[in-house]
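Residue-level structure breakdown
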Amino acid sequence: MSDASTNTSPAPAAPLDFIRQIVSEDLKAGRHGARVHTRFPPEPNGYLHIGHAKSICLNFGVAAEFGGLCNLRLDDTNPTKEDVEYVDSIRTDVRWLGFDWSTREFYASDYFERIYACAVTLIGDGRAYVDSLSADEIREYRGTLTQPGRNSPFRDRPIAENLSLFERMRAGEFPDGTHVLRAKIDMASPNMNMRDPTLYRIRHAHHHRTGDTWCIYPMYDFAHAISDALEGITHSLCTLEFEDHRPLYNWIIEQVPDLPGDPQQIEFARLNLTYTVMSKRKLLELVEKKIVSGWDDPRMPTISGMRRRGYTSRAIREFCARIGVAKNESLIDVALLEHSVREDLNQVAPRAMAVLKPLKVVIENYPEGQVEMMQAINNPEDESAGTRQVPFTRELYIEQDDFREVPPKKFFRLYPGNEVRLRYAYIIRCESVVKNDAGEVVEVRCTYDPDTRGGSAAGERRVKGTLHWVSSAHAVRAEVRLYDRLFTTEQPGTDDRRHFTEEMNPNALEVSRDALVEPSLATAVNGTTYQFERLGYFCADPDSTPEHPVFNRTVTLRDSWAKIEKSQNA
RNA sequence: UGGGGCGUCGCCAAGCGGUAAGGCACGGGACUUUGAAUCCCGCAUUCGAAGGUUCGAAUCCUUCCGCCCCAGCCA
């Protein structure tokens, strides 16, 4: 993943982000035993999205760059929200992104016994107590942002009673909500997280890994700090909203005796993307209400959705490298993601010709029944990709958008009397059109110049436009799914006068069922992304069958003509 | 009106007292059998604001302004 180990030519080092600066200095100073050990700790309650990709690239990246390790840890402390389907998808997605956690796949639930022991120790030291207030009462006692809280009447229970109660909580003697274990810190703290935070709650629920072994489960703050310490994590990277939790994190590390390691929590800004929602709650809602086809719907910002759409993991990693890591709350322009995708795909995607909205072209002076095989370049960016043969005949299809009966200014595609080049084939001239009863052009009649065939003959005539095409007799019908952004607003979900689903783009999916693709695409390999020349990048979808190929539009090509036309109409 | 953070170009982001990197976006041009790609050029006299310290301030100090997060037995 990294070539940082080559000691030959020290490339002009890109500036380190603030986290890498800290890690680098810690290493230099010999802190944390001069080690770097990070972890990526998702909760298995949904699929990973592009925001997680930022965290994954950071955690695994930092570890790799500084000769350390990164664990995959599933933070599964809430059995009511978590599921194996999610842990499977997480493993798949992190691996697909290109990262390897070797055998270091851990689960917070692996530590339940040890976390329980920590709690018992805390109780024994008088640093935790069983509270029997109701949830509502606890909230009341907590105070407000400006007013201190009050001590619970159960705060000074004798240690022995706490021990016994906690043991009975574990034994399942109490129903949900009757008791909770709390840290004894400071109900007057200006930091709400320090007002005797809950450490354990009773949940008679089946856990996807521990089954019915437990009916009490540790809270995030408690489980996370202990898990980090147990795994020897040195730098515990998380998002900004946990900044307020750091004092509690440190409290736990300090107060629980005999914990190995001294992890350091550092917070960075989460990723926000324009025209995208990034909360698992909202994404789950789209899935559950069947507003999208599933977590891997190509319109979703999930890793699985982007994969199905045709994004490459390399493009996503590059994107994550470009957005940087800082503490500013940022809103990244989705155009940067699209740029990263195009940049990678341009290098690696095989080219092909496909016509999305076909318009028939008949070349009047081309012999009927004749088939010529034209040599086409598979990837001009990669000579090793070779060439292929594309059949050319008298009757072809071109893109409807490539013909205008009345051309606008600067339109140098096909119109009556004009000449264009057919890619890898001949120059043709539009002689006349055939219209239907409604007055729509349904066929374009052309003539071709036999001397203009193919690629590179010197001194050949030049025309301004080059069109893609397919042979009527050879083309394969395909379904093409044209995706656009899922939302119409830059920051969906931030307007509290309406539900975020009201900001969805009704045209986020447009299906063309009568697209025609060149014969070589009939056997397109599922998951391969092609460039359909002049249109964009398209990925063969798993829904494809040999009789019915399906392609997802990954992203369009940049389109300067669209800009010109738009400014003309403005 | 408690606490914790953050304010550098339209969007990100370097900068760490010596005179504003880079990317995206945008605009212009070259090239072109993809109006793609590629290549050039342009794009912050100024760093939320105002004072102050200094030969010198985005960087140090003071005050002010704006935005985000926190009152789950969620993570």
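Our subject is the structure listed above.
Residues numbered from 1 in each chain as written. Chains lettered and ligands numbered in written order. Predicted model: local features only at pLDDT ≥ 70, side-chain atom pairs only at ≥ 80, totals over all residues. Heavy atoms only, no water.

1. Here's the deal with the sheet that holds strand β3 (residues 105-107)
Ordered by their spatial adjacency, 3 strands build an open sheet running β1-β2-β3, and the pairing between neighbours is parallel. The sheet is open, and its two borders are formed by β1 (37-40) and β3, each paired with just one other strand. On average, each strand axis in the sheet is inclined to that of its neighbour by 35°, with strand direction left out of account. Of the pairings in the sheet, the one linking β1 to strand β2 (residues 69-74) comprises 4 bridges and is parallel in character. The residue bridging Thr-38 from the neighbouring strand is Cys-70, located in β2. Strands in contact with helix α2 (residues 50-65) are β1 and β2; relative to β1, the strand with the most contacts, it is inclined by about 160°. (Pairing = 2+ DSSP bridges. Helix = DSSP H or I, 4+ residues; strand = E, 2+ residues; numbered from the N terminus. Axes fitted to C-alpha atoms, helices over the stretch in contact; angles between N-to-C directions. Contact = heavy atoms within 4.5 Å.)

2. Quick word on the protein's contact with RNA strand B
In the vicinity of RNA strand B lie 72 residues, with Arg-203, Asn-328, Arg-351, Arg-413 and Gly-454 positioned nearest. Backbone atoms, meaning sugar plus phosphate, form 68% of the atoms of RNA strand B positioned within 4 Å of the protein. Between RNA strand B and the protein, one listed contact pairs a sugar or linking oxygen with a backbone N or O atom of Leu-331 at 2.7 Å. Counting only elements with at least two residues in the surface near RNA strand B, the list comes to α5 (135-142), β6 (198-202), α11 (313-323), α12 (334-348) and α13 (560-569). Looking at the surface near RNA strand B, its residues break down into 26 nonpolar, 19 polar and 27 charged. (Near = heavy atom within 4 Å. Polar contact = N/O pair within 3.5 Å; in protein donor to acceptor, adjacent residues only side chain to side chain. Nonpolar A, V, L, I, M, F, W, Y, C, P; charged D, E, K, R; others polar.)

3. What about the layout of surface pockets?
One number sums up the size of the second largest pocket: a volume of about 1200 Å³. Contributing to the lining of the second largest pocket are 41 residues, with His-52, Thr-239, Glu-241, Phe-242 and Arg-270 lying nearest its centre. Of all the elements in the fold, those that place two or more residues in the lining of the second largest pocket are β1, α2, α7 (220-230), β8 (235-239) and α9 (280-288). Residue contributions to the lining of the second largest pocket peak at 4 residues, all from α2. (1 Å grid on protein atoms, 1.4 Å probe; cavity = no way out; pocket = protein on both sides within 12 Å on 5 of 7 lines; lining within 4 Å. Points joined across faces, edges and corners; volume = space filled by probe spheres on them.)

4. A short note on the environment of Leu-286
Within the secondary structure, Leu-286 is located in helix α9. Note on Leu-286: relative accessible area 0%, which makes it buried. On a C-alpha basis, the gap between Leu-286 and Thr-213 in space is 33 Å, while along the polypeptide they are 73 residues apart. (Buried < 20%, exposed > 50% of the residue type's maximum accessible area, 1.4 Å probe, protein only.)

5. Points about the pattern of salt bridges
As enumerated under the stated definition, the model contains 49 salt bridges in all. Two residues, Arg-481 and Asp-543, come together in a salt bridge whose shortest N-O distance is 3.0 Å. Placement of Arg-481 in strand β21 (residues 476-483) and of Asp-543 in the loop between β24 (536-540) and β25 (550-556) is noted, with a sequence separation of 62 residues between them. The exposure class of Arg-481 is buried, given its relative accessible area of 14%. A salt bridge links Arg-497 to Asp-495; the shortest N-O distance between them is 3.1 Å. Asp-495 sits in the buried class, given a relative accessible area of 18%. Taken together, the shared-partner salt bridges in this structure form one network comprising Asp-296, Arg-308, Glu-479, Arg-481, Arg-513, Asp-541 and Asp-543. (Salt bridge = Lys/Arg side-chain N within 4 Å of Asp/Glu carboxyl O.)

6. Some points on the packing of aromatic side chains
Scanning all chains against the criterion turns up 23 aromatic pairs. Pairing Phe-411 with Trp-561 gives two aromatic rings, centres 5.7 Å apart and planes at 65°, and the pair type is edge-to-face. Taken together, the residues span a long stretch of sequence, with Phe-411 in the loop between β15 (395-399) and β16 (419-422) and Trp-561 in helix α13 at a distance of 150 residues. Residue class for Phe-411 comes out buried when judged on its relative accessible area of 4%. (Phe/Tyr/Trp six-rings, centres within 6.5 Å; stacked < 30°, edge-to-face > 60°.)

7. Things to note about unusual backbone geometry
Positive phi, close to 55°, is recorded for Lys-290, a residue that is not glycine. Of note, Lys-290 is situated in the loop between α9 and α10 (303-309). Accessibility expressed as a relative area gives 70% for Lys-290, which makes it exposed. Of note, the phi angle at Arg-534 is positive, near 70°, even though the residue is not glycine. Locating Arg-534 in the fold gives a position in the loop between β23 (529-532) and β24. Of the residues examined, Arg-534 reaches a relative accessible area of 33% and is grouped as partly exposed.

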